[in-house]
Amino acid sequence: MVTLSTKVTIARIVLTGAVVALLFLPGLAAKSVCLALFLLASWTDWLDGYLARRFNQISPLGILLDPIADKVLVVGVLISLIPLRLVPAWMALIIVAREALVTGARLSAARRRVVIAAAPEGKQKTVFQMAAIILILISLIVRELPGPVASLWAAVPSAVAEAAVATLADIADRSPPDGRAHGPHGTLVTPLAILPVP
């Protein structure tokens, strides 16, 4: 049975599609709703964990889907920002390539009935990535406002966000090994030599 916390995780993946679609729509309303939905999707990253612990709904499926949903949200938005020229392609591709390797390692382990959970360091990295994206989305809203001042201030959060994403891209391959894996029933087991997983 799919638990409530897992449904919240799945909702984060669904919200990603809405956020990406709104990114390409012009107008202040579209950009504002885009930011609101991204904030909601980011909040579900905390909510699903809280629900799982509060109602004792921690499951192998939830442990597997939670970091994947995070990556779908962050990577999906980052890729969408490339054609909008808000994030350099090389910067986003470094992050995307690493996240693809990490997700592949998780799925490969899952086929062996071992679920690799996200480490605290990986969660912190995700929070920084989400914060950088929020700054970029705020810059898009400011750019929709009338007046020359808007154009001047719009570049500020965007530049800060690009610097943050660049830093994350630089340290993306330095995350320490996760060191935690869960067996088919959520039992903690010692992982074998697996790629460092956040």
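Residues numbered from 1 in each chain as written. Predicted model: local features only at pLDDT ≥ 70, side-chain atom pairs only at ≥ 80, totals over all residues. Heavy atoms only, no water.

A. Just the overall build of the protein chain, in detail. Each helix and strand counted, the protein chain has six helices and three strands in total. Element order for the protein chain, N to C, with α for helix and β for strand: α-α-α-α-β-α-α-β-β. Across the 198 residues in the protein chain, those meeting the buried criterion constitute 46%. A separation threshold of at least 6 residues defines the contact pool for the protein chain, and within that pool the share at least 24 residues apart is 76%. (Helix = DSSP H or I, 4+ residues; strand = E, 2+ residues; numbered from the N terminus. Buried < 20%, exposed > 50% of the residue type's maximum accessible area, 1.4 Å probe, protein only. Contact = heavy atoms within 4.5 Å.)

B. Structural context of the packing of helix α1 (residues 4-23) against helix α2 (residues 28-54). Axis separation between α1 and α2 bottoms out at 9 Å; the angle between their running directions is 165°. What the angle tells us is that α1 and α2 run roughly antiparallel. The two elements α1 and α2 cross, and the hand of that crossing is left-handed. Here the residues of the contact of α1 with α2 are counted per class, giving 17 nonpolar, three polar and four charged. (Axes fitted to C-alpha atoms, helices over the stretch in contact; angles between N-to-C directions. Parallel < 35°, antiparallel > 145°, perpendicular 65-115°, else oblique. Left-handed = near helix turned anticlockwise from the far one by under 90°. Nonpolar A, V, L, I, M, F, W, Y, C, P; charged D, E, K, R; others polar.)

C. Broad picture of the nonpolar core. With 25 residues, the main nonpolar core has F38, V77, L78, L81 and L137 as its most contacted residues. Taken together, the elements giving at least two residues each to this core come down to α1, α2, α3 (60-81), α4 (89-111) and α5 (120-143). In terms of residues, this core owes the most to one element, α5, which gives six residues. Setting aside its immediate chain neighbours within four residues, L81 contacts L23, L86, V87 and I136. (Core = buried A, V, L, I, M, F, W, Y, C linked by side-chain atoms within 4.5 Å.)

D. Just the packing of α1 against α3, in detail. Running from amino to carboxyl end, α1 crosses α3 at an angle of 5°, the nearest separation of the two axes being 9 Å. Comparing the axis directions of α1 and α3 gives the class roughly parallel. Along its contact with α1, which presents T6, T9, I10, R12, I13, T16, V19, V20 and L23, the element α3 presents L61, G62, L65, D66, A69, D70, V72, L73, G76, V77, S80 and L81. Considering only residue class, the contact of α1 with α3 consists of 12 nonpolar, six polar and three charged.

E. Examining unusual backbone geometry more closely. Positive phi, normally seen in glycine, also occurs at N56, with a value near 55°. Along the chain, the position of N56 falls in the loop between α2 and α3. Positive phi outside glycine occurs at R85, with the angle close to 60°. Within the secondary structure, R85 sits in the loop between α3 and α4.

F. Fine view of the environment of D70. As for its position among the elements, D70 is in helix α3. Here D70 falls in the buried class, since its relative accessible area comes to 3%. Other than its neighbours up to four places away in sequence, D70 contacts R12, D45, K123, T126 and M130.

G. Region of interest: α1. In this model, α1 (20 residues) spans 29 Å end to end at C-alpha, consistent with the 28 Å of a helix rising 1.5 Å per residue. Residues of α1 that are buried include every one of S5, T6, V8, T9, R12, L15, T16, V19, L22 and L23, and no others. (Expected span 1.5 Å × (residues − 1).)

H. Looking closely at the pattern of salt bridges. With the rule as written, the count across this model stands at four salt bridges. Notably, a salt bridge pairs R12 with D48, separated by 3.1 Å at the nearest N-O pair. One end of the pair, R12, is in helix α1; the other, D48, is in helix α2, with 36 residues separating them in the sequence. The pair R12 / D48 is uniform in exposure class, with both members buried. One salt bridge in this structure joins R12 and D66, with 2.8 Å as the shortest N-O distance. Of this pair, R12 sits in helix α1 while D66 sits in helix α3, and the two are 54 residues apart along the sequence. With relative accessibility at 0%, the residue R12 sits in the buried group. (Salt bridge = Lys/Arg side-chain N within 4 Å of Asp/Glu carboxyl O.)

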